[in-house]
Amino acid sequence: MHLNAGIYGLLALLSLCAAGKPNPSSAYVLHEQRSHTPSGWSLVGRHEASQVLPLRFGLRQSNMDKLEELLNDVSHPDSPNYGNHWTPSQVAKMFSPSLETIDTIRTWLLGSGFNATRLKFSPTKAWVQVNATVEEAERLLRTEYHVYSHKGGEKHIACNAYHLPAHVSPHVEIVTPSIHFDTILKRRNSTSVRAKKIGLPGVGITPKTTGKITSILKELKDCDKMITPICLRALYGLFYEPLASHKNTFGIVEYTPQAYLQSDLDTFARNFSKDLVGKSPKLVSIDGGVVQTIQTGFNYNAESNLDLQYAMNLVNLVGSKQNVTLYQVGDIPQGATFNNLLDALDGTYCSFEGGDDPFQDGWYPDDYPNGYHNPTDCGITKPANVISTSYGYNEADLSLFYTSRQCAEYGKLGLMGVTVIYSSGDNGVAGNAGLCLNSDGLQTDDGTIFNPGFPASCPFVTSVGATQINPGSNVTNPESACEQVIFSGGGFSNYFAMPTYQKRAVAGYLRNYKPDYPSNVWNSTGVSRAFPDISANGANYVIAAEGQFSRVFGTSAAAPVVGSILTMINDARITIGKKPIGFINPTIYSEGFSAAFNDITSGGNEGCGTAGFTAVPGWDPVTGLGTPSFPKLLARWLLLP
């Protein structure tokens, strides 16, 4: 699947309009343009012609149009190459820019008057930088650079559109700086938060609480009121003791300043898994990531506590043999983003398609006090077999290029045999903070257009929604879509095309249960990525936080549950000499796995002033394929090569 705007058809609301006229030149073509100035920014004026810009050209990677095909080759159960995952060096070689691309860019820049000594190529030749004056850059790109000011005091340099020679444009993915400050996150009350602040309280997907608990209900008959580990084991048949823990890995991702408290882990363990008292996750610090104790309380500890308390318990039926790896990402002053995590897992990503965004992503060395004073961590750790993340953005928070670059990297991890899990969001068809889209692409409280989440909408991750045990029901009764406190995020992407693996399932939904909302409210084209893929319980979890117990809700609870189940499946496969399951989506959507999930057929995911979508038989954009049955999934995966 080739990630580009033409394929994805961004709805009418995201259609690009003309912005500025290029200088006359028949050899130049429009490469990128922006439809509007982001909320909170205002034009100051033209940038000074003599100022120097670090002009970076992200070079088009080879074979990106083959990524889905290559991934299916090692991930689909009917493929003769199922499970034959690639090495990092094989992945890097397949997608590196061609010699033609490198030569075309070099020849163009030299012919435009830049001396060879001014051209700085990255080690992988994925990007080239030239320090150019504004005057040189404007002439080179047929554009005008302006200074913009944010009401928070920040300044930014950008253009409305830029152009490249017709023979150069196919070889360039992106130029920075250019139009891309629209990656600013648009939030409630017009405040703006950079992507690297994902770990701050109230940003992105966070667990919701109904308050503290004075008495814990631990019996199975009370699972409709309080979810504890035994409830989840009973719901999904997860009674399995790991046998290959020394060979198996499971990673949980947290973003500073979010951090767990060991005292809270121990409080939880004393009540539900005494063998884990005193046990800590295996810490992998990325870009100065620290389990900080300076800022504490529910808003700083609940997410990490929730993820680790349940992950560590569910992969250890008894004892404490199976370690859980904690990827703690970002230093305290800056924070970090998913891109910083990916840099650490795959060193080639540091320079892939121009590298990270210095405005959005953590940028190191960090000169702030207590900052991380070393260069960005690139390729410092081998990815775990399963990696679960309970954080997320709205698609509209980020540019198409930013999300496409990141989504492609998840596909590359899949080629390497890594299962990547993301929670789907807690606001139904609305985005984080309940924001919906307007026809101009902006997000507001009173918008009426459905607002998909990211990375949940990326076709190369497994997106996890949320279910609940209905009040008065028990663990043997069917669950429904979560409608207590939160609503399972789900819908249809405005950025990404529908992958081959889900076409049959989604076509069935659209044929039999297509909603009657107007086409300008949701992406009704039938060709866009649909999510979530699967679900797990996300209501009434008991967690230890601040030395007490609280009840929490969210898809951020469901994601590590799914991660734990898949980790135990990997354990069983590794025990008999087979490889980890890797990217699971082509497998779980295949006919052989159709009966391995508990179908959810009631409940919905309201938002944007509507009832949202409804859970129905088969796949639906509320709970996906349903919740996992560990015994059925295990039996099927053990039969695969």
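Each remark here, short or long, concerns the structure printed above.
Conventions adopted
Residues numbered from 1 in each chain as written. Predicted model: local features only at pLDDT ≥ 70, side-chain atom pairs only at ≥ 80, totals over all residues. Heavy atoms only, no water. Helix = DSSP H or I, 4+ residues; strand = E, 2+ residues; numbered from the N terminus. Rg over C-alpha atoms; globule rule 2.2 N^0.38 Å. Buried < 20%, exposed > 50% of the residue type's maximum accessible area, 1.4 Å probe, protein only. Contact = heavy atoms within 4.5 Å. Areas by Shrake-Rupley, 256 points an atom, 1.4 Å probe, with all protein chains shown as cover. Lys, Arg positive; Asp, Glu negative; His and termini not counted. Charge placed at Lys NZ, Arg CZ, Asp CG, Glu CD. Phe/Tyr/Trp six-rings, centres within 6.5 Å; stacked < 30°, edge-to-face > 60°. Pairing = 2+ DSSP bridges. Axes fitted to C-alpha atoms, helices over the stretch in contact; angles between N-to-C directions. Disulfide = S-S within 2.5 Å. Patch = residues over 30% accessible without salt bridge, like charges linked within 9 Å, V, L, I, M, F, W, Y side chains within 5 Å. Salt bridge = Lys/Arg side-chain N within 4 Å of Asp/Glu carboxyl O. Left-handed = near helix turned anticlockwise from the far one by under 90°.

**Q** Just checking my understanding: could you explain the overall build of the chain for this structure?
**A** Regarding its fold elements, the chain presents 14 helices and 30 strands. For the chain, whose C-alpha radius of gyration is 24 Å, the value lies close to the compact-globule estimate of 26 Å for 641 residues. Projected onto its principal axes, the C-alpha coordinates of the chain cover approximately 75 × 50 × 50 Å. By the burial criterion, 63% of the 641 residues in the chain qualify as buried. Long-range pairs, those at least 24 residues apart, make up 80% of the contacts in the chain with a sequence separation of at least 6. About 22,600 Å² of surface is accessible on the chain, with carbon and sulfur atoms providing 53% of the total. The distance from the centre of the 47 positive side-chain charges to the centre of the 54 negative ones in the chain is 3 Å.

**Q** What is the right way to read helix H6 (residues 229-236) from this model?
**A** Residue pairs spaced three or four apart in an α-helix point in one direction, given the helix's 3.6 residues per turn. Across the eight residues of H6, six count as buried, placing the element largely inside the fold. Taken residue by residue, H6 has Pro229, Cys231, Leu232, Arg233, Leu235 and Tyr236 as its buried positions. Of the residues flanking the end of H6, it is Gly237, one or two places downstream, whose phi is positive at about 65 degrees.

**Q** Looking at this model, I keep getting lost on the packing of aromatic side chains. Mind explaining?
**A** Here the distance between the centres and the angle between the planes together describe a pair of aromatic rings. Counted according to the given criterion, the structure contains 25 aromatic pairs. Note on Phe450 and Phe613: the rings are 5.5 Å apart at their centroids and 85 degrees apart in plane angle, and the pair reads as edge-to-face. Taken as a pair, Phe450 in the loop between strand S20 (443-444) and strand S21 (453-454) and Phe613 in the loop between strand S29 (597-598) and strand S30 (627-628) lie far apart in primary sequence, 163 residues in all. Exposure remark for Phe450: the relative accessible area of 7% places this residue in the buried category. The buried category is assigned to Phe613, whose relative accessible area is 1%. A ring pair is formed by Tyr509 and Trp619, whose centres lie 5.6 Å apart and whose planes are at 85 degrees; its orientation type is edge-to-face.

**Q** What am I meant to see in unusual backbone geometry here?
**A** Phi is mostly negative for residues that are not glycine, and the peptide bonds are mostly trans. Going from Thr176 to Pro177, the amide bond is cis rather than trans, its omega being -5 degrees. Mapped onto the elements of the fold, Pro177 is located in the loop between strand S9 (172-176) and strand S10 (185-186). Omega for the bond connecting Phe454 with Pro455 falls within 30 degrees of zero, at 10 degrees, which places this linkage in the cis form. Relative to the elements of secondary structure, Pro455 occurs in the loop between S21 and strand S22 (462-468). The phi angle at Asn63 is positive, at roughly 65 degrees, despite the residue not being glycine. You can see Asn63 is positioned in the loop between strand S3 (52-59) and helix H2 (67-75). Judged by its relative accessible area of 23%, Asn63 falls in the partly exposed class. One non-glycine residue, Asn370, lies in positive phi territory at about 70 degrees.

**Q** Where do I start with the sheet that holds strand S27 (residues 541-545) in this structure?
**A** Within a sheet, adjacent strands bond to each other through the backbone by hydrogen bonds, running parallel or antiparallel. In spatial order, the strands read S12-S28-S27; together these three strands make up an open sheet with antiparallel pairing. The sheet terminates laterally at strand S12 (208-213) and S27, the two strands that pair on one side only. Each adjacent strand pair in this sheet contributes to an overall mean axis angle of 35 degrees, direction not counted. By the bridge criterion, five bridges tie S12 to strand S28 (residues 548-553) in an arrangement that is antiparallel. Opposite Thr209, over in S28, you have Val552 as the bridge partner.

**Q** Help me understand the state of the cysteines, please; the structure alone is not making it clear to me.
**A** Counted under the stated rule, the structure contains four disulfides. The disulfide that involves Cys436 links it to Cys608, with 2.0 Å between the sulfurs. Looking along the S-S bond of the Cys436-Cys608 disulfide, the torsion reads about -100 degrees, which is the left-handed sense. Of this pair, Cys436 sits in strand S19 (residues 436-437) while Cys608 sits in the loop between S29 and S30, and the two are 172 residues apart along the sequence. Residue Cys436 shares its accessibility class with Cys608, and that shared class is buried.

**Q** Where do I start with a nonpolar patch on the surface in this structure?
**A** There is a patch of nonpolar side chains on the surface, built from Leu220, Ile230, Phe239, Leu317 and Val318 and spanning about 400 Å² of accessible area. Here Val318 lies in the loop between helix H8 (298-314) and strand S15 (325-329). On the basis of relative accessibility, which here comes to 43%, the residue Val318 falls in the partly exposed class.

**Q** Just checking my understanding: could you explain the packing of helix H12 (residues 555-575) against helix H14 (residues 630-639) for this structure?
**A** To characterise two packed helices, one gives the angle between the axes of the helices and the distance between these axes. Orientation of H12 relative to H14, taken along the N-to-C sense of each, is 35 degrees, at an axis distance of 10 Å. Between H12 and H14 lies a crossing whose hand is right-handed. Mapping the contact onto sequence places Ile565, Leu566, Met568, Ile569, Ala572 and Arg573 in H12 and Phe630, Leu633, Leu634, Trp637 and Leu638 in H14.

**Q** In this structure, what is going on with the pattern of salt bridges? I would like to understand it.
**A** Under the definition given, this model contains eleven salt bridges. Of the charged contacts, one joins Arg46 and Glu144 as a salt bridge, the two residues approaching to 3.4 Å between their closest N and O atoms. With Arg46 in strand S2 (residues 41-46) and Glu144 in the loop between helix H5 (134-141) and strand S6 (146-150), this residue pair connects regions lying 98 residues apart in the sequence. Relative accessible area serves as the criterion here: at 46%, Arg46 is assigned to the partly exposed category. Between Asp222 and Lys225 there is a salt bridge, with its nearest N and O atoms 3.8 Å apart. By sharing partners, the salt bridges in this structure join Lys221, Asp222, Asp224 and Lys225 into a single network.

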